[in-house]
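Next come the chains, spelled out residue by residue.
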Amino acid sequence: MENQKLFVSVIIPVFNGEKYLVEAIENVKNQNYQPLEIIVIDDGSTDKTAEIAAEFKDSIRYIYQENSGPSAARNRGIRIANGDAIAFLDVDDIWSDDKLKVQGNYLADNTSVEIVQGLIQQMNLSQLTSDKKPIFEPVYKPYNYINLGSAIYRKSVFEKIGIFDETLNYAEDVDWFIRAWENGISKVLIDQVMLFYRKHQKNMTEGKNLVELGFIKIYKKRLDRIRKKQISPTNILLDMPINEYLGSPP
(Lines give C-alpha, C1' and ligand atoms only; values in the text may rest on other atoms or scores of the structure.)
Protein backbone atom coordinates (compact mmCIF):
# COMPACT_ATOMS: atom_id res chain seq x y z
CA MET A 1 0.00 0.00 0.00
CA GLU A 2 1.42 3.39 -1.03
CA ASN A 3 1.86 6.13 1.52
CA GLN A 4 -0.40 9.16 1.29
CA LYS A 5 0.97 11.87 -0.97
CA LEU A 6 2.86 14.69 0.69
CA PHE A 7 1.50 18.21 0.57
CA VAL A 8 4.11 20.14 -1.45
CA SER A 9 4.72 23.88 -1.22
CA VAL A 10 6.40 25.25 -4.35
CA ILE A 11 8.27 28.50 -3.79
CA ILE A 12 9.00 30.75 -6.79
CA PRO A 13 11.17 33.77 -5.90
CA VAL A 14 11.01 36.48 -8.56
CA PHE A 15 12.63 39.83 -9.17
CA ASN A 16 11.62 41.58 -12.40
CA GLY A 17 10.73 38.25 -13.94
CA GLU A 18 7.78 39.31 -16.09
CA LYS A 19 9.29 37.55 -19.10
CA TYR A 20 9.28 34.12 -17.43
CA LEU A 21 6.65 34.15 -14.69
CA VAL A 22 3.71 32.81 -16.69
CA GLU A 23 5.76 29.87 -17.95
CA ALA A 24 7.06 29.11 -14.45
CA ILE A 25 3.58 29.06 -12.88
CA GLU A 26 2.11 27.03 -15.74
CA ASN A 27 5.02 24.59 -15.48
CA VAL A 28 4.14 23.90 -11.84
CA LYS A 29 0.39 23.71 -12.49
CA ASN A 30 0.97 21.26 -15.35
CA GLN A 31 2.71 18.86 -12.98
CA ASN A 32 -0.81 17.64 -12.12
CA TYR A 33 0.34 16.95 -8.57
CA GLN A 34 -1.89 17.33 -5.54
CA PRO A 35 -1.95 18.40 -2.76
CA LEU A 36 -0.01 21.48 -3.83
CA GLU A 37 0.36 25.18 -3.15
CA ILE A 38 2.30 27.66 -5.28
CA ILE A 39 3.90 30.57 -3.44
CA VAL A 40 5.26 33.46 -5.51
CA ILE A 41 7.55 35.76 -3.53
CA ASP A 42 7.96 39.06 -5.38
CA ASP A 43 11.28 40.46 -4.18
CA GLY A 44 10.61 44.11 -4.95
CA SER A 45 9.97 43.86 -8.69
CA THR A 46 9.49 47.10 -10.63
CA ASP A 47 8.22 45.50 -13.85
CA LYS A 48 4.83 43.86 -14.51
CA THR A 49 5.45 40.90 -12.21
CA ALA A 50 2.62 41.89 -9.84
CA GLU A 51 0.15 42.33 -12.71
CA ILE A 52 1.02 38.94 -14.16
CA ALA A 53 0.78 37.26 -10.76
CA ALA A 54 -2.68 38.79 -10.29
CA GLU A 55 -3.88 36.82 -13.33
CA PHE A 56 -3.24 33.64 -11.30
CA LYS A 57 -4.76 34.88 -8.04
CA ASP A 58 -7.02 31.84 -7.78
CA SER A 59 -4.15 29.34 -8.01
CA ILE A 60 -1.17 30.97 -6.28
CA ARG A 61 -0.27 32.77 -3.07
CA TYR A 62 1.40 36.05 -3.98
CA ILE A 63 3.58 37.88 -1.47
CA TYR A 64 5.37 41.18 -2.13
CA GLN A 65 8.40 42.28 -0.12
CA GLU A 66 11.00 45.01 -0.41
CA ASN A 67 14.01 43.87 -2.42
CA SER A 68 16.09 41.73 -0.06
CA GLY A 69 17.70 39.11 -2.30
CA PRO A 70 16.89 35.50 -3.25
CA SER A 71 17.79 34.01 0.14
CA ALA A 72 15.36 36.29 1.94
CA ALA A 73 12.67 35.58 -0.65
CA ARG A 74 13.05 31.81 -0.29
CA ASN A 75 13.13 32.10 3.50
CA ARG A 76 9.89 34.10 3.44
CA GLY A 77 8.34 31.31 1.41
CA ILE A 78 9.57 28.62 3.79
CA ARG A 79 8.15 30.46 6.80
CA ILE A 80 4.64 30.69 5.36
CA ALA A 81 4.59 27.32 3.59
CA ASN A 82 1.88 24.89 4.68
CA GLY A 83 3.35 21.84 2.97
CA ASP A 84 5.11 18.79 4.37
CA ALA A 85 7.67 19.20 1.59
CA ILE A 86 9.26 22.19 -0.12
CA ALA A 87 10.29 22.60 -3.75
CA PHE A 88 11.96 25.65 -5.31
CA LEU A 89 11.70 26.91 -8.87
CA ASP A 90 13.63 29.95 -10.03
CA VAL A 91 11.40 31.98 -12.29
CA ASP A 92 13.60 31.55 -15.38
CA ASP A 93 14.01 27.77 -15.04
CA ILE A 94 11.57 24.94 -15.68
CA TRP A 95 11.05 21.43 -14.33
CA SER A 96 10.53 18.15 -16.11
CA ASP A 97 6.83 17.37 -16.49
CA ASP A 98 6.87 14.64 -13.84
CA LYS A 99 9.28 16.12 -11.31
CA LEU A 100 6.82 16.49 -8.42
CA LYS A 101 5.22 13.11 -9.05
CA VAL A 102 8.54 11.24 -9.15
CA GLN A 103 10.28 13.04 -6.31
CA GLY A 104 7.22 13.64 -4.15
CA ASN A 105 6.17 9.99 -4.32
CA TYR A 106 9.71 8.83 -3.53
CA LEU A 107 9.83 11.08 -0.48
CA ALA A 108 6.43 9.82 0.68
CA ASP A 109 7.39 6.16 0.22
CA ASN A 110 10.83 6.45 1.87
CA THR A 111 10.36 8.08 5.25
CA SER A 112 14.07 7.99 6.16
CA VAL A 113 15.03 10.13 3.14
CA GLU A 114 14.98 13.89 3.62
CA ILE A 115 16.09 15.25 0.22
CA VAL A 116 15.39 13.74 -3.19
CA GLN A 117 17.52 15.20 -5.94
CA GLY A 118 17.51 14.83 -9.72
CA LEU A 119 19.83 15.61 -12.60
CA ILE A 120 20.20 19.06 -14.13
CA GLN A 121 20.16 19.83 -17.83
CA GLN A 122 21.78 23.17 -18.56
CA MET A 123 20.10 25.20 -21.28
CA ASN A 124 21.80 28.22 -22.86
CA LEU A 125 20.01 31.08 -24.58
CA SER A 126 20.50 30.61 -28.31
CA GLN A 127 18.28 33.26 -29.88
CA LEU A 128 15.17 35.37 -29.53
CA THR A 129 12.08 34.96 -31.68
CA SER A 130 10.59 37.89 -33.58
CA ASP A 131 8.44 38.69 -30.54
CA LYS A 132 11.54 38.49 -28.30
CA LYS A 133 10.62 35.16 -26.76
CA PRO A 134 13.83 33.41 -25.65
CA ILE A 135 14.79 30.07 -27.16
CA PHE A 136 17.08 27.81 -25.10
CA GLU A 137 19.11 24.85 -26.30
CA PRO A 138 20.74 22.09 -24.19
CA VAL A 139 24.48 22.14 -23.56
CA TYR A 140 26.61 19.54 -21.78
CA LYS A 141 25.28 16.23 -20.57
CA PRO A 142 22.84 16.11 -17.63
CA TYR A 143 24.75 16.38 -14.35
CA ASN A 144 24.33 16.18 -10.60
CA TYR A 145 25.11 19.32 -8.66
CA ILE A 146 23.64 21.55 -5.99
CA ASN A 147 20.87 23.55 -7.56
CA LEU A 148 17.86 24.07 -5.32
CA GLY A 149 15.40 23.53 -8.14
CA SER A 150 16.63 20.02 -8.88
CA ALA A 151 15.42 18.59 -5.56
CA ILE A 152 12.51 18.32 -3.17
CA TYR A 153 12.95 18.69 0.61
CA ARG A 154 11.07 17.70 3.72
CA LYS A 155 10.13 20.92 5.47
CA SER A 156 11.54 19.47 8.68
CA VAL A 157 15.06 19.71 7.19
CA PHE A 158 14.92 23.51 7.47
CA GLU A 159 13.99 23.17 11.12
CA LYS A 160 17.03 20.94 11.68
CA ILE A 161 19.75 22.93 9.94
CA GLY A 162 18.22 26.36 9.45
CA ILE A 163 17.18 28.40 6.44
CA PHE A 164 19.31 30.21 3.85
CA ASP A 165 22.03 32.62 4.93
CA GLU A 166 20.76 36.06 3.99
CA THR A 167 24.24 37.58 4.30
CA LEU A 168 25.25 35.70 1.14
CA ASN A 169 24.40 37.41 -2.13
CA TYR A 170 25.30 34.31 -4.14
CA ALA A 171 25.87 30.57 -3.63
CA GLU A 172 23.54 30.38 -0.64
CA ASP A 173 22.55 26.97 -2.01
CA VAL A 174 26.17 25.75 -1.72
CA ASP A 175 26.34 26.95 1.88
CA TRP A 176 23.01 25.27 2.72
CA PHE A 177 23.98 21.93 1.19
CA ILE A 178 27.30 21.96 3.03
CA ARG A 179 25.39 22.43 6.29
CA ALA A 180 23.04 19.61 5.27
CA TRP A 181 26.02 17.28 4.76
CA GLU A 182 27.56 18.38 8.06
CA ASN A 183 24.34 17.45 9.85
CA GLY A 184 23.92 14.08 8.22
CA ILE A 185 20.83 14.96 6.20
CA SER A 186 20.00 11.93 4.07
CA LYS A 187 19.84 12.62 0.33
CA VAL A 188 19.01 10.36 -2.60
CA LEU A 189 19.76 11.06 -6.27
CA ILE A 190 17.32 9.89 -8.94
CA ASP A 191 19.13 9.42 -12.24
CA GLN A 192 16.66 11.46 -14.25
CA VAL A 193 16.60 15.08 -15.41
CA MET A 194 14.35 17.08 -13.09
CA LEU A 195 15.52 20.64 -13.76
CA PHE A 196 16.20 22.57 -16.95
CA TYR A 197 18.60 25.26 -15.76
CA ARG A 198 18.40 28.11 -18.23
CA LYS A 199 21.42 30.38 -18.55
CA HIS A 200 21.21 33.87 -20.01
CA GLN A 201 22.94 37.21 -19.63
CA LYS A 202 20.65 38.36 -16.83
CA ASN A 203 21.39 35.39 -14.53
CA MET A 204 22.61 36.73 -11.19
CA THR A 205 25.76 34.58 -11.29
CA GLU A 206 26.67 35.31 -14.91
CA GLY A 207 30.29 36.45 -15.26
CA LYS A 208 31.08 36.19 -11.54
CA ASN A 209 34.31 34.61 -10.30
CA LEU A 210 34.63 32.38 -7.22
CA VAL A 211 35.47 35.32 -4.94
CA GLU A 212 32.50 37.35 -6.17
CA LEU A 213 30.24 34.32 -5.76
CA GLY A 214 31.26 34.09 -2.12
CA PHE A 215 32.82 30.61 -2.15
CA ILE A 216 35.74 31.75 0.02
CA LYS A 217 33.28 33.22 2.53
CA ILE A 218 31.28 29.98 2.53
CA TYR A 219 34.27 27.79 3.27
CA LYS A 220 35.50 30.20 5.93
CA LYS A 221 32.12 29.77 7.63
CA ARG A 222 32.67 26.01 7.51
CA LEU A 223 36.16 26.32 9.02
CA ASP A 224 34.78 28.56 11.77
CA ARG A 225 32.19 25.88 12.64
CA ILE A 226 34.96 23.28 12.81
CA ARG A 227 37.17 25.52 15.00
CA LYS A 228 34.26 26.17 17.36
CA LYS A 229 33.75 22.40 17.50
CA GLN A 230 30.18 22.79 16.33
CA ILE A 231 30.88 20.07 13.78
CA SER A 232 33.50 17.44 12.98
CA PRO A 233 35.79 17.89 9.92
CA THR A 234 34.43 14.55 8.68
CA ASN A 235 30.89 13.24 8.72
CA ILE A 236 30.41 9.91 10.46
CA LEU A 237 26.62 10.11 10.08
CA LEU A 238 26.73 9.73 6.31
CA ASP A 239 28.75 7.16 4.42
CA MET A 240 29.34 9.76 1.73
CA PRO A 241 32.24 12.24 1.29
CA ILE A 242 31.31 15.88 0.89
CA ASN A 243 32.30 16.04 -2.79
CA GLU A 244 29.99 13.14 -3.60
CA TYR A 245 27.18 14.73 -1.57
CA LEU A 246 27.49 18.03 -3.41
CA GLY A 247 28.06 16.60 -6.89
CA SER A 248 30.00 18.49 -9.54
CA PRO A 249 29.18 21.06 -12.23
CA PRO A 250 29.63 20.20 -15.92
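To be clear, the structure that these remarks concern was listed above.
Residues numbered from 1 in each chain as written. Predicted model: local features only at pLDDT ≥ 70, side-chain atom pairs only at ≥ 80, totals over all residues. Heavy atoms only, no water.

(A) Here's a closer look at the overall build of the protein chain. Along the backbone of the protein chain there are 8 helices and 9 strands. Looking at the protein chain as a whole, 52% of its 250 residues qualify as buried. Relative to all contacts within the protein chain whose residues are 6 or more apart in sequence, the contacts with residues 24 or more apart total 75%. Accessible surface, the protein chain: about 12,700 Å² in total, of which carbon and sulfur atoms supply 50%. (Helix = DSSP H or I, 4+ residues; strand = E, 2+ residues; numbered from the N terminus. Buried < 20%, exposed > 50% of the residue type's maximum accessible area, 1.4 Å probe, protein only. Contact = heavy atoms within 4.5 Å. Areas by Shrake-Rupley, 256 points an atom, 1.4 Å probe, with all protein chains shown as cover.)

(B) Representation of the packing of aromatic side chains in the model. On inspection of all chains with the given rule, the structure shows 10 aromatic pairs. Three or more aromatic residues joined by ring pairs make a cluster, and in this case those are Phe 88, Tyr 153, Phe 158, Phe 164, Trp 176 and Phe 177. (Phe/Tyr/Trp six-rings, centres within 6.5 Å; stacked < 30°, edge-to-face > 60°.)

(C) Region of interest: the environment of Lys 99. Relative to the helices and strands, Lys 99 is located in helix α4 (residues 99–109). Between the C-alpha atoms of Lys 99 and Tyr 33, which are 66 residues apart in sequence, the distance is 9.4 Å. Here Lys 99 is in contact with Gln 31, Gly 104, Gly 149, Ser 150, Ala 151, Ile 152 and Met 194, once residues within four sequence places are set aside. Reaching out from Lys 99, the side chain makes a polar contact with the backbone oxygen of Ala 151 at a distance of 3.0 Å. (Polar contact = N/O pair within 3.5 Å; in protein donor to acceptor, adjacent residues only side chain to side chain.)

(D) Summary view of the nonpolar core. Judged by nonpolar contacts, the single largest core of 37 residues is most densely connected at Val 8, Val 10, Ile 12 and Leu 100. Among the elements of the structure, β1 (8–14), α1 (21–29), β2 (36–43), α2 (49–54), β4 (85–88), α4, β6 (115–128) and β9 (187–199) are those that each provide at least two residues to this core. Residues in contact with Val 8, not counting those within four places in the same chain, are Tyr 33, Pro 35, Leu 36, Glu 37, Ala 85, Ala 87, Leu 100 and Ile 152. Among the nonpolar cores identified, the runner-up in size contains 31 residues, and Ile 115, Ile 146, Val 157 and Trp 181 belong to it. (Core = buried A, V, L, I, M, F, W, Y, C linked by side-chain atoms within 4.5 Å.)

(E) Region of the structure containing the pattern of salt bridges. In the structure shown here, the tally under the stated rule is 12 salt bridges. Between Glu 114 and Lys 160 there is a salt bridge, with the nearest N and O atoms lying 2.3 Å from each other. With Glu 114 in the loop between α4 and β6 and Lys 160 in helix α5 (residues 155–161), this pair connects stretches of sequence that are 46 residues apart. According to the relative accessible area criterion, Lys 160 is exposed, its value standing at 53%. Where Glu 182 meets Arg 225, a salt bridge forms, and the shortest distance between an N and an O atom there is 2.9 Å. A residue pair is termed long-range when its members are at least 10 positions apart, and Glu 182 in helix α6 (residues 172–182) and Arg 225 in helix α7 (residues 215–227) qualify at 43 residues. Neither residue differs from the other here; Glu 182 and Arg 225 are each classed as buried. (Salt bridge = Lys/Arg side-chain N within 4 Å of Asp/Glu carboxyl O.)

(F) Region of interest: α7. Look at α7: 18 Å from first C-alpha to last across 13 residues, which is about the 18 Å you get at 1.5 Å a residue. By the burial criterion, the buried members of α7 are Phe 215, Ile 218, Arg 222 and Arg 225. Seen from one end, α7 has its buried residues packed into an arc of 85°, which puts them on one side. Among the exposed residues of α7, those pointing more than 90 degrees away from its buried face are Ile 216 and Arg 227. In the core, the buried residues of α7 are packed alongside α6 and α8 (242–246). Looking at the residues trailing α7, positive phi occurs at Lys 229, about 60°. (Expected span 1.5 Å × (residues − 1). Arc of directions from axis to C-beta.)

(G) Broad picture of the side chain of Gln 117. Within the secondary structure, Gln 117 sits in strand β6. A distance of 2.8 Å separates a polar atom in the side chain of Gln 117 from the backbone oxygen of Tyr 145. If we ignore the near neighbours within four places in the chain, the residues touching Gln 117 are Gln 103, Asn 144, Tyr 145, Ile 146, Asn 147, Ser 150, Ala 151, Phe 177, Lys 187, Val 188, Leu 189 and Ile 190.

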